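Residue strings, one per chain:
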Amino acid sequence: MHVPDGFINAPTSAVAGVVAAGAVAVSLRGARRELDERTAPLAGLVAAFIFAVQMLNFPVAAGTSGHLLGGALAAILVGPYTGVLCISVVLLMQGILFADGGLTALGVNITDMAIVGVVVAYVVFRGLVKVLPKTRRSITAASFVAALVSVPAAALAFTLFYAIGGTTDVSIGKVTTAMVGVHILIGIGEAAITALTVGAVVAVRPDLVYGARDLRRPLKLRVGGELVDAPAAEPVAVAARSHRKVWLAGLVTSLVLAGFVSFYASASPDGLEKVAEDKGFAESAEEHDIADSPLADYGVKDVDNARLSGGLAGVIGVGVTVVAGSGIFWAVRRRRSDEGTDVSPASPTNTNTGV
């Protein structure tokens, strides 16, 4: 659903840019509360993983493909504010390095995928986990539904932008029907990928999943032949549990997906491209400002072997994204730590235990 330059006029794109900038600013502040010793090391990896999986277009209908948007996955794994930042980092890397998604349309893309996709997914997810049993299967099921709903919601956001500032006179009703219809199919693929990924992480390290923090399994003690809940204890620092294996496994998976599996992705146009072709506004797309960049169209310039060119581009993309994302998230995390040290040690504290 990467919107190119030319689909949306300049005034609407500018407004979308202001909305996106405001949302990113709010998310930078909100992410300070989400990024702790568990999520901070993984947030950059989540962005890199989403970048890699977005290279894997899968067929959804005759002549149409789709790929992961990632809003639900990011929000559930690292939190909604951090999720907005993750998708924004991915879109920025794709736009400035790979000529994927217009530069003037960056605000539209961030609003569609990073804001609408994340917010809708997380609202649906939180609503479901509140009513479902507090189990790992519930987290996985809620992830599936949240991802499924978020994709057509993002498609509706695009049609709203097009209704306001579309550069071609086409029937908005037909565009809306086509966009929602194809993106419901894409949403099924998104839901499957999201549920599988969240389920895999929850199975091995539920403490690393932001959306699974409500899962509490109290320690049981056998007293008089019966199991009873143990008294509440002070929380154990999870920092003692190394994230290194999870981080390395995620990075290797991302590199393999982007560097090797992406070669076998569907070459059919994605949902937006197909709708634009069918409804007659594909020709309004403008050439990307960096269409001649060394990595444009996910290939390395002057590398003739298509498999090698695409694989190298994917590996470079994963590497740049994980470095850029990790740098941003560590800076936000450090800002939180710095603010925590601003409290004066001389401040009075209430030591009354009530005993």
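Residues numbered from 1 in each chain as written. Predicted model: local features only at pLDDT ≥ 70, side-chain atom pairs only at ≥ 80, totals over all residues. Heavy atoms only, no water.

Caption draft 1: Just the nonpolar core, in detail. Among the nonpolar cores identified, the biggest contains 89 residues, and Phe 7, Phe 158 and Phe 281 are the most heavily contacted of them. Looking at which element gives the most residues to this core, the answer is helix α2 (residues 40-54), with twelve residues. For Phe 7, the contacting residues outside a window of four places in its chain are Phe 158, Tyr 162, Gly 165, Gly 166, Thr 167, Leu 272, Ala 276, Phe 281, Ala 282, Ser 284 and Ala 285. (Core = buried A, V, L, I, M, F, W, Y, C linked by side-chain atoms within 4.5 Å. Buried < 20%, exposed > 50% of the residue type's maximum accessible area, 1.4 Å probe, protein only. Helix = DSSP H or I, 4+ residues; strand = E, 2+ residues; numbered from the N terminus. Contact = heavy atoms within 4.5 Å.)

Caption draft 2: The arrangement of the confidence of the model for the protein chain in detail. Confidence in the prediction of the protein chain, expressed as mean pLDDT, is 88, and 86% of residues score 70 or more. For the stretch residues 232-241, pLDDT sits under 50, and the model shows seven contacts to residues farther than four places along the chain or on other chains. Across residues 341-355 the pLDDT falls below 50, and counting only partners more than four positions away or on other chains, this stretch makes zero contacts in the model. (pLDDT = per-residue confidence, 0-100.)

Caption draft 3: Quick peek at a negative patch on the surface. Residues Glu 286, Glu 287, Asp 289 and Asp 292 make up a contiguous surface patch of negative charge. Within the element layout of this structure, Asp 292 appears in the loop between α9 (271-279) and α10 (306-340). Looking at Asp 292, the relative accessible area reads 60%, which means it is exposed. (Patch = residues over 30% accessible without salt bridge, like charges linked within 9 Å, V, L, I, M, F, W, Y side chains within 5 Å. Areas by Shrake-Rupley, 256 points an atom, 1.4 Å probe, with all protein chains shown as cover. Salt bridge = Lys/Arg side-chain N within 4 Å of Asp/Glu carboxyl O. Lys, Arg positive; Asp, Glu negative; His and termini not counted. Charge placed at Lys NZ, Arg CZ, Asp CG, Glu CD.)

Caption draft 4: Fine view of a nonpolar patch on the surface. A surface patch of nonpolar side chains, about 550 Å² in accessible area, is lined by Val 252, Val 256, Phe 260, Val 261, Phe 263 and Tyr 264. Positionally, Val 261 belongs in the loop between α8 (244-259) and α9. You can call Val 261 partly exposed: its relative accessible area is 30%.

Caption draft 5: Up close: the pattern of salt bridges. This model, assessed by the stated rule, comprises two salt bridges. Salt-bridge contacts for Lys 274 lead to Asp 278; the nearest nitrogen and oxygen are separated by 3.8 Å. Taken together, the residues Lys 274 and Asp 278, both in helix α9 and four residues apart, mark about one turn of the helix.

Caption draft 6: Region of interest: the packing of aromatic side chains. Overall, the coordinates contain ten aromatic pairs when judged by the stated rule. Linked through ring pairs, Phe 7, Phe 158, Tyr 162 and Phe 281 together constitute an aromatic cluster. Residue placement shows Arg 307 over the ring face of Phe 263; its charged tip is 4.1 Å from the ring centre. (Phe/Tyr/Trp six-rings, centres within 6.5 Å; stacked < 30°, edge-to-face > 60°. Lys NZ or Arg CZ within 6 Å of the ring centre and 35° of its normal.)

Caption draft 7: Representation of unusual backbone geometry within the structure. The phi dihedral of Asp 297 is positive, around 60°, even though this residue is not glycine. Turning to its location among the elements, Asp 297 is positioned in the loop between α9 and α10. Overall, the relative accessible area of 66% leaves Asp 297 in the exposed class. A positive phi angle, near 75°, is found at Asp 302, a position not held by glycine. Mapped onto the elements, Asp 302 comes out in the loop between α9 and α10. For Asp 302, a relative accessible area of 72% gives the class exposed.

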